[in-house]
Amino acid sequence: MTDDPQAQGWATAHTLAEALPYIQRYDRETVVIKYGGHAMGQEEVAKQFAADCVLLKMLGLHPVIVHGGGPQISAMLERAGVKSTFIDGLRVTDAPTMEVAEMVLSGAINKEIANWITLAGREADVRGVGLSGKDARLITVEKVKRTKKDPDSMIEAEVDLGFVGDPKRVDPKLIEALIYADEDYIPVIAPIGVTEDGQTYNINADTVAGALAGALNAKRMLLLTDVAGVLDAKGDLVRQMSVAEARAAIDDGVATGGMIPKLETAVAAVQSGVEAVVILDGRRPHAMLVELFTEHGAGTLINE
């Protein structure tokens with residue numbers, strides 16, 4: 001990088017000109033962003049993420065953010081002396097755990113992200129709006145049903161995860177009212193929902209992002225995580241996968257651990273009408289901008 005200010009200016013202009021076709025592609029399109037991973041706990045990374053979301057809004061996109069908060073919930077439970085139990089990556093959530101989860105997700109994390117966006121967009125009056133699935137019947141859930149095979153008898157038995165839900169119905173009217181308003185609002189949504197009778201449930205944030213992206217007919221869903229994307233058997237980044245290839249990666253054991261539910265979410269979102277889902281490393285500066293506005297992108301793109 002040159003130290004010549006004029007040369008830097010020309011380089012910036014060249015970059016903006018190259019981005020024009022991509023900016024036009026996403027003009028007035030909805031992009032659902034799942035923001036999670038350990039990078040959420042780093043203030044400077046969070047501020048940069050907020051500024052990039054403001055930039056997306058100013059460029060004519062409609063960003064909608066869904067955030068997680070697993071590490072923060074675990075830290076708060078540990079502080080309260082409550083031990084967390086996980087089954088197949090899902091936290092067993094009893095009533096006290098649900099209370100803490102809602103406090104952390106809908107309270108501390110949600111409002112902090114919304115505030116960072118409002119601060120980053122102050123000059124242009126772009127504002128973050130913090131919500132959860134409990135607002136305006138945004139997300140109606142049903143209790144998650146999971147089975148686990150007993151290692152001795154090999155018999156499948158149902159496992160009770162407590163107050164853990166799956167989206168049964170998504171009503172996007174409130175989100176659509178915000179993103180299409182005359183003012184520039186960016187919705188920030190905590191993965192909390194309610195049953196038909198009003199009981200509060202925790203939901204996997206990736207699952208919420210996928211369900212919301214489908215309901216909003218989003219052009220893109222970005223799953224920001226702690227890895228570069230999907231890696232092949234040699235450990236190299238896979239740039240693009242079809243739904244069939246994503247399923248094969250799961251079946252063949254190429255995708256393991258936390259990548260499996262991410263691919264399952266991506267497949268479900270594409271099948272519900274989302275044009276494509278991208279899994280990318282949210283810790284890298286401006287990863288969303290590289291993905292959306294450059295030719296080669298920044299992660300693994302999954303489409304039909």
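Structure first, text after, so check above.
From a predicted model like this one, the values you see are computed outputs, not experimental measurements.

The rules behind the values
Residues numbered from 1 in each chain as written. Predicted model: local features only at pLDDT ≥ 70, side-chain atom pairs only at ≥ 80, totals over all residues. Heavy atoms only, no water. Helix = DSSP H or I, 4+ residues; strand = E, 2+ residues; numbered from the N terminus. Expected span 1.5 Å × (residues − 1). Bend = angle between axes of the 7 residues up to and from the residue. Contact = heavy atoms within 4.5 Å. Core = buried A, V, L, I, M, F, W, Y, C linked by side-chain atoms within 4.5 Å. Buried < 20%, exposed > 50% of the residue type's maximum accessible area, 1.4 Å probe, protein only. Pairing = 2+ DSSP bridges. Phe/Tyr/Trp six-rings, centres within 6.5 Å; stacked < 30°, edge-to-face > 60°. Axes fitted to C-alpha atoms, helices over the stretch in contact; angles between N-to-C directions.

S.K.: With reference to specific residues and values, describe helix α1 (residues 5-25).
M.R.: Between its first and last C-alpha, α1 extends 31 Å over 21 residues, near the 30 Å set by a 1.5 Å rise per residue. The largest bend along α1 measures about 45 degrees and falls at Ala19, with the proline Pro21 one to four residues further on. Here the buried face of α1 lies against α9 (287-293).

S.K.: Break down the nonpolar core for me, with residues and values.
M.R.: Grouped together as the largest cluster of nonpolar side chains are 44 residues, with contacts concentrated most on Ile33, Leu222 and Phe293. No other element matches helix α4 (residues 95-120), which puts ten residues into this core. In this structure, Ala205, Met241, Val274 and Val277 belong to the second largest nonpolar core, which totals 39 residues.

S.K.: Got a sec to walk through the pairing of strand β9 (residues 164-170)? Specific residues and values, please.
M.R.: As judged from the five bridges shared by strand β6 (residues 139-143) and β9, these two strands associate in the antiparallel manner. Bridge pairing in β9 places Glu142 opposite Asp166. Taken together, the two bridges between β9 and strand β12 (residues 200-203) define a ladder with parallel strand orientation. Note on β12: the bridge partner recorded for Val164 is Asn202.

S.K.: Now, about the pairing of strand β13 (residues 220-225): what can you tell me, with residues and values included?
M.R.: Among the six residues of β13, six are classified as buried, and the element is accordingly described as predominantly covered. Burial along β13 is two-sided: the residues Arg220, Leu222 and Leu224 and Met221, Leu223 and Thr225 are all buried. Of the strand pairs in this sheet, strand β1 (residues 30-35) and β13 are connected by five bridges, and their pairing is parallel. Among the inter-strand pairings, Ile33 is bridged to a residue of β13, identified as Leu222. The sheet contact formed by β13 and strand β15 (residues 276-281) spans six bridges and is parallel. Across the sheet, the residue bridging to Met221 is Val277, located in β15.

S.K.: Provide a residue-level description of the packing of aromatic side chains, including the pertinent values.
M.R.: Summed over all chains, the structure comprises three aromatic pairs. Note on Tyr26 and Phe293: the rings are 6.4 Å apart at their centroids and 80 degrees apart in plane angle, and the pair reads as edge-to-face. Of this pair, Tyr26 sits in the loop between α1 and β1 while Phe293 is found in helix α9, placing the two residues 267 residues apart along the sequence. Classification of Tyr26 as buried rests on a relative accessible area of 1%. Ring geometry for Phe163 and Tyr201: centres 5.5 Å apart, planes at 70 degrees, overall edge-to-face. Here the residue Phe163 occupies a position in the loop between β8 (156-159) and β9, and Tyr201 occupies one in strand β12, the gap between them amounting to 38 residues.

S.K.: Go over unusual backbone geometry with me, naming the residues and quoting the values.
M.R.: In this structure, Asp125 takes a positive phi of about 60 degrees despite not being glycine. Judged by relative accessible area, which is 40%, Asp125 ranks as partly exposed. The backbone of Arg137 shows a phi angle near 55 degrees, a positive value even though the residue is not glycine. Along the chain, Arg137 falls in the loop between β5 (126-132) and β6. Judged by its relative accessible area of 62%, Arg137 falls in the exposed class.

S.K.: Explain the side chain of Asn202 to me, and be specific about the residues and the numbers.
M.R.: Considering the arrangement of structural elements, one finds Asn202 in strand β12. Judged by relative accessible area, Asn202 falls into the buried class, the value being 11%. Setting aside chain neighbours within four positions, we find Asn202 in contact with Thr93, Met98, Ala101, Leu105, Phe163, Val164, Gly165, Pro191 and Ile192.

S.K.: Lay out the sheet that holds β13 with the relevant residues and their values.
M.R.: Overall, mixed pairing links the eight strands, which are arranged β5-β10-β2-β1-β13-β15-β16-β14 in an open sheet. Whereas interior strands pair on both sides, the edge strands pair on one side only; in this sheet they are β5 and β14 (240-242). Between one strand axis and the next, the sheet turns by 20 degrees as a mean value, whatever way the strands run. Direction of pairing for β5 relative to strand β10 (residues 184-190): parallel, over a ladder of seven bridges. Along β10, the bridge assignment pairs Arg127 with Tyr185. The strands touched by α4 are β1, β2 (62-67), β5 and β10; relative to β5, the strand with the most contacts, the crossing angle is about 170 degrees. Contacts from helix α6 (residues 205-215) reach β1, β2, β10 and β13, with the element oriented near 150 degrees to β2.

By themselves these figures say nothing about function.
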